[in-house]
Amino acid sequence: MPGPRRDRPAVLLLLGALLAADLYFHLWPRARRELRAGAPSCPCVLRRPPVPSAPQPPLRTRAASALRRLFAHPLYRSAPPGPAEPLLGAREALRYYRRKAARWNRRHKLYREELNLTSPSAPLLLRPEASWLQFHLGISRDGLYPRSSPAVTRLLRDMQEFTTISADYSQDEKALLGACDCSQIVKPSGVHLKLVLRFQDFGKAMFKPMRQKREEETPEDFFYFVDFQRHNAEIAAFHLDRILDFRRVPPTVGRMINVTKDILEVTKNEILQSVFFVSPASNVCFFAKCPYMCKTEYAVCGNPHLLEGSLSAFLPSLNLAPRLSIPNPWIRSYSFDGKEEWEVNPLYCNTVREIYPYSNGNRLLNIVDMAIFDFLIGNMDRHHYEMFTKFGDDGFLLHLDNARGFGRHSHDETSILAPLSQCCIIKRTTFLRLQLLAEPEYRLSDVMRESLLQDRLAPVLTEPHLLALDRRLQLILRAVSKCIDTYGEAKVVANDSTQPEAPASDRVKLTT
């Protein structure tokens, strides 16, 4: 018996060799065929590593050409006539904001003492180079910011990255709760959820959370005054406003907010603290505490803590730069069955022209600009507009509160263009830029798509909304063409500093 035991290793080696040969002849042909075809082979065969392809430039780099070409066009390089009159004096603004920062530090210290918080807390310092302060100092009669503004670029980045140090309701919602001095309120609202967030550099932004998914359209049976407030509409409106060279929308950016860390843990408002809850899906939620929409069904929720929204930079304090809120002459009826005069009277513009300041100057031309902007985004909710009092009656109009835009890409609400179609006037610079954006090289949807790629929440708009911009732009140009055919270009297309007048008889001819 010892003999067979000594031969056992040799037998095992022989069996192993036979098994290896069997595997080779049966498996290698199939593996070789799969390797040649590029298909995954069996686990026993190593795959050949793929040959690395040549590096491709980032999408934003490859796609930015049209946007760069647009802003390099002479229409976007022309200098305004004369030096731009600034809204604020630098010394006065710094002195005012330093007092506000000192007051905030005192209140924050008292708040921590009331809660017996002993951990060290460094006082908040106001830095003159802060991007939000430089944005305020850059506001002029020409617009909210210059065409090429490093301060706005930094501000957009800071709003995306800076830590929040406080959160509170906006002033208009406080007014509805009777919790603030309403003399500082431009126009109360409160029917939608929005919060004021303050950052580590003492800058403030208006936060509007996501309420509707991008691919969802506003139901056609919804009235405009009960439509959703869309955070992505605020972001897209800022980009469109800059592409049109209006520069009347405050810088706005998208951000993922941690509702627990960035809001609940930093707010001192007990009412705001009380509206937070955890949903059955273990998500942290909160809702608006106001006379409307105050139910948990209308809450916004994180996932479980993160919630995307828009952040719009605050304008200068009303104490520094007072603003007027003026009813839009083409205001809509905020009722289920009523109509305003402009909706039933095709000669309504004649009446408007008889009222100062629409009887002369640029105010009516600025109203037409605003109507064009609102038509492109589909916003029917422009009941008021605001202006800085310092710039007088010919100052630019602020395009604020655009969250009800971009609701329905499948519908073009041409009634928004009533100021243009009834008055038949338009600024020459506006008309030329609209014509440029209709050219294939500068197509509006293309430059908007590129511009929105700069936002961290991209894609901000769905493709149907982008294509709707091109379609609506053609409708605007068609309306201007109709006016020119009726009155002639000299009476319709106005230099930006003058307002053309069309005879009443001509206007009757157009409307009939």
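Conventions and cut-offs
Residues numbered from 1 in each chain as written. Predicted model: local features only at pLDDT ≥ 70, side-chain atom pairs only at ≥ 80, totals over all residues. Heavy atoms only, no water. UniProt positions renumbered as here; feature names shortened; annotations may be inferred. Helix = DSSP H or I, 4+ residues; strand = E, 2+ residues; numbered from the N terminus. Pairing = 2+ DSSP bridges. Axes fitted to C-alpha atoms, helices over the stretch in contact; angles between N-to-C directions. Contact = heavy atoms within 4.5 Å. Buried < 20%, exposed > 50% of the residue type's maximum accessible area, 1.4 Å probe, protein only. Polar contact = N/O pair within 3.5 Å; in protein donor to acceptor, adjacent residues only side chain to side chain. Phe/Tyr/Trp six-rings, centres within 6.5 Å; stacked < 30°, edge-to-face > 60°. Lys NZ or Arg CZ within 6 Å of the ring centre and 35° of its normal.

### Looking at the UniProt feature "binding site: Mn(2+)" (unreviewed entry) in the chain
Here comes step 1: The feature "binding site: Mn(2+)" (unreviewed entry), as given by UniProt, occupies Asp-401 in the numbering adopted here.
Here comes step 2: Along the chain, Asp-401 falls in the loop between β10 (384-388) and α14 (418-423).

### A look at the sheet that holds strand β1 (residues 164-169)
For sheets, the rule is that strands pair by backbone hydrogen bonds, running either parallel or antiparallel.
Here comes step 1: Pairing in this open sheet of five strands is antiparallel, and the strands run β1-β2-β3-β8-β4 from one edge to the other. Bordering the open sheet on either side are β1 and β4 (252-258), each of which pairs with just one other strand. Geometrically, the sheet is characterised by an average inter-axis angle of 35° between neighbouring strands, direction not taken into account.
Here comes step 2: Direction of pairing for β1 relative to strand β2 (residues 195-199): antiparallel, over a ladder of five bridges. Bridge pairing in β2 links Ser-166 to Arg-198.
Here comes step 3: Against the sheet, helix α6 (residues 150-161) makes contact with β2, β3 (204-209), β4 and β8 (306-313), and its axis sits at roughly 15° relative to β4, the strand it touches most.
Here comes step 4: On top of the sheet, helix α8 (residues 231-243) reaches β3, β4 and β8; it is set at about 40° to β8, its chief contact.

### Quick look at the UniProt feature "binding site: ATP" (unreviewed entry) in the chain
Here comes step 1: Residues given the UniProt feature "binding site: ATP" (unreviewed entry) here are Lys-208, Ser-312, Ala-313, Phe-314, Leu-315, Glu-386 and Asp-401.
Here comes step 2: Residue Lys-208 is classed as buried on the basis of its relative accessible area, which comes to 6%.
Here comes step 3: Side-chain polar atoms of Lys-208 contact the side chain of Glu-234, separated by 2.6 Å.
Here comes step 4: According to the relative accessible area criterion, Glu-386 is buried, its value standing at 4%.
Here comes step 5: Within the structure, Glu-386 has its side chain in polar contact with the side chain of Arg-323 (distance 2.9 Å).

### Looking at the packing of aromatic side chains
Here comes step 1: Summed over all chains, the structure comprises eleven aromatic pairs.
Here comes step 2: Geometrically, the ring pair formed by Phe-277 and Phe-287 is tilted, given 6.2 Å between the ring centres and 55° between the ring planes. Taken together, the residues span a long stretch of sequence, with Phe-277 in strand β5 (residues 276-278) and Phe-287 in the loop between β6 (284-286) and β7 (300-301) at a distance of ten residues.
Here comes step 3: Phe-277 gets classed as partly exposed once you look at its relative accessible area, which sits at 25%.
Here comes step 4: Overall, Phe-287 belongs to the buried group, its relative accessible area being 12%.
Here comes step 5: When the ring of Phe-388 is compared with that of Phe-396, the centres are 6.1 Å apart and the planes differ by 75°; the resulting orientation is edge-to-face. The residues Phe-388 and Phe-396 share a single accessibility class, namely buried.
Here comes step 6: Cation over ring: Arg-363 sits above Tyr-358, and NZ or CZ is 6.0 Å from the ring centre.

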